[in-house]
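If you want the building blocks of each chain, they are given just below.
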Amino acid sequence: MSLHYTLSVVQAPKVTSKAMGPQREGSLPGLNKSASLWADMARWFGDDIRSILLNLKGVDFNEVEELRLRVGQPLLVRTFDKDLFINQEGLAASPQKAYFIKHEDLASAIERMTHSSVYAVEEDLKQGFITLPGGNRVGITGEAVLLNGQIQTIKHISSLNLRIAREIRGLSLKILPLLLSSDGSICHTLIISPPRAGKTTLLRDLIRSISNGVSQVGLKGQTVGVVDERGELAGMWQGVPTYDLGFRTDVLDGCPKASGMSMMVRSMSPQVLAMDEIGHTDDVIAIADALRTGVRILSTAHASSIEEAQNRPVITHLLDQGVFERLVVLSRQHGPGTIEGVYDLRTGRIL
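Every value quoted in this text rests on a predicted model; they were computed, and no experiment measured them.

**As for the pattern of salt bridges**
Inspection of the entire model under this criterion finds 23 salt bridges. Across the salt bridge formed by Arg 332 and Glu 65, the nearest N and O atoms sit 2.8 Å from each other. One end of the pair, Arg 332, is in the loop between strand E17 (326–331) and strand E18 (338–344); the other, Glu 65, is in strand E2 (residues 64–70), with 267 residues separating them in the sequence. Judged by relative accessible area, Glu 65 falls into the buried class, the value being 9%. Linked by salt bridges that have partners in common, Glu 65, Glu 66, Arg 68, Arg 78, Asp 83, Arg 196 and Arg 332 make up one network.

**Notes on the confidence of the model for the chain**
Averaged over every residue, the pLDDT of the chain is 86; the share at 70 or more is 89%. Here residues 1–30 is a poorly scored stretch, pLDDT under 50, and it has 117 contacts once near neighbours within four places are set aside; other chains count.

**Some words on the sheet that holds strand E14 (residues 249–253)**
Sheets are built from strands that pair by backbone hydrogen bonding, the pairs being arranged parallel or antiparallel. Strands sit in the order E14-E11-E15-E16-E10-E17-E18-E19 across an open sheet of eight strands; the sheet is mixed. Of all the strands in the sheet, just E14 and strand E19 (349–350) have a single pairing partner and so form its edges. Pairing between strand E11 (residues 224–228) and E14: five bridges, direction parallel. Bridge assignment links Val 226 to a residue of E14, and that residue is Val 251.

Conventions we followed
Residues numbered from 1 in each chain as written. Predicted model: local features only at pLDDT ≥ 70, side-chain atom pairs only at ≥ 80, totals over all residues. Heavy atoms only, no water. Salt bridge = Lys/Arg side-chain N within 4 Å of Asp/Glu carboxyl O. Helix = DSSP H or I, 4+ residues; strand = E, 2+ residues; numbered from the N terminus. Buried < 20%, exposed > 50% of the residue type's maximum accessible area, 1.4 Å probe, protein only. pLDDT = per-residue confidence, 0-100. Contact = heavy atoms within 4.5 Å. Pairing = 2+ DSSP bridges.

Dropping the structure here:
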């Protein structure tokens, strides 16, 4: 079976709750709701994996972060606090007694996730992922196909990592007052965290809060331009965001951040420009251009600490140039979304 396929238009599920981590409020109640969400997720897989997910027992979908399929290795479900190996009957088991992934399982999944044509997702494959409707991202590894030293696609796919996207309303209210300047405008803010620590989820909720306004902290609603290169922030489906990003938000989906920032500033006149995972030299140039228009910058980057962020050349350049006024550091210490600190980069104080 070929592993070259186009993005399906079947909408993937998203999960909404009020806080992150095992202790959060607002969990989806009841086994029936969890089973329904597993059924929605199962549609992306072939018969064997779909049957396992439909019969999965004792695993609340609302606790799941990742579903990992590696050829020749046991099926793995990662929750907030543990790894579960799953057997043919849908039960947690030892790795040796779990269901072992076959090439056919990955081929069937890729066929469904891309609707049998790779060409529509080639640009994403060059970066090692595809994004499903609803914002769920699927990481992909295998054999990289190179042309003049540049990755063209991935073939002989050997593993998939389906990361469950989540919408957590109200998460941003914990830190929003710390991100406001004396005149009530949003400070240029960078959110950093290691993988799976909630930076995209926090950014999504900040966008909605800023767009709608929050009267409790004196924040008026502002026009927000979102450059959603990977399709995770808005979860666009047929041109409509799956996630609620607010009344005054415009989304540019699937566009490289550097190009998208320029397009947004020219065409939509945002007061705040938001994007996920900056890290390329082109991003620095585009941010500098946007700053000249008076737009406020709200972004994220991969890093576990300030020290780690300073070891990334692009991030270091932006910090050294004084682009950002606030730095938010997240971790998983007490579950995803743990706020380690909010820093005023102009004074060096922890707020």
